[in-house]
Amino acid sequence: MGGVSIWHWIVVGVIVMLLFGRGKVSELMGDVAKGIKSFKKGMADDDEPATPPPSAAAADPRVIDQATTSNPAAAKAEHKA
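Note on numbering: residues in each chain are counted from 1, in written sequence order. Two thresholds apply to this predicted model, a pLDDT of at least 70 for residue-level local features and 80 or more for giving and counting side-chain atom pairs, whereas whole-chain, interface and lining totals are computed over all residues. Hydrogens and waters are ignored; side-chain quantities use all the structure's heavy atoms.

**A closer look at the overall build of the protein chain**
Helix and strand assignments come from DSSP, with helices taken as H or I runs of at least 4 residues and strands as E runs of at least 2, each series counted from the N terminus. Each helix and strand counted, the protein chain has four helices and zero strands in total. Starting at the N terminus and ending at the C terminus, the protein chain contains elements arranged as α-α-α-α. Burial statistics for the protein chain: of 81 residues in total, 1% are counted as buried. Method for areas: the Shrake-Rupley scheme with a 1.4 Å probe, in which residue coverage is limited to the protein chains shown. Of the roughly 7,800 Å² of accessible surface on the protein chain, 67% is carried by carbon and sulfur atoms. Each residue gets one of three labels from its accessible area relative to the maximum for its type: buried under 20%, exposed over 50%, partly exposed in between, using a 1.4 Å probe on protein chains only.

**Things to note about the environment of V16**
Looking at where V16 falls in the secondary structure, it is placed in helix α1 (residues 6-47). V16 sits in the partly exposed class, given a relative accessible area of 32%. Note on contacts: a residue pair is in contact if any heavy atoms of the two residues lie within 4.5 Å. Sequence-distant contacts of V16, defined by excluding residues within four places in its chain, comprise G21 and V25.

**Concerning the confidence of the model for the protein chain**
How sure the predictor is of each residue is captured by pLDDT, a score from 0 to 100. When pLDDT is averaged along the protein chain, the result is 74, and 53% of the positions lie at 70 or above. Within the protein chain, the element-level pLDDT minimum falls on helix α2 (residues 56-59), averaging 52, and the maximum on α1, averaging 87.

Below is the structure:
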């Protein structure tokens, strides 16, 4: 009673073909294949090593001078000039 034989699958297949038609089933299978291919391509792209991030000096060209940070009044005077 709980077993599924080949005849059950054949009946289910015939019913699916009658409901959706031959063209719809082939389109659906084509879409599934495209999805699998794009998934595999996405997984392969993740395996490639990422480019190293740029160094901190290249990302932020501003230089912090220790002398100006210890004297805020001098830092404001240089900033206004």
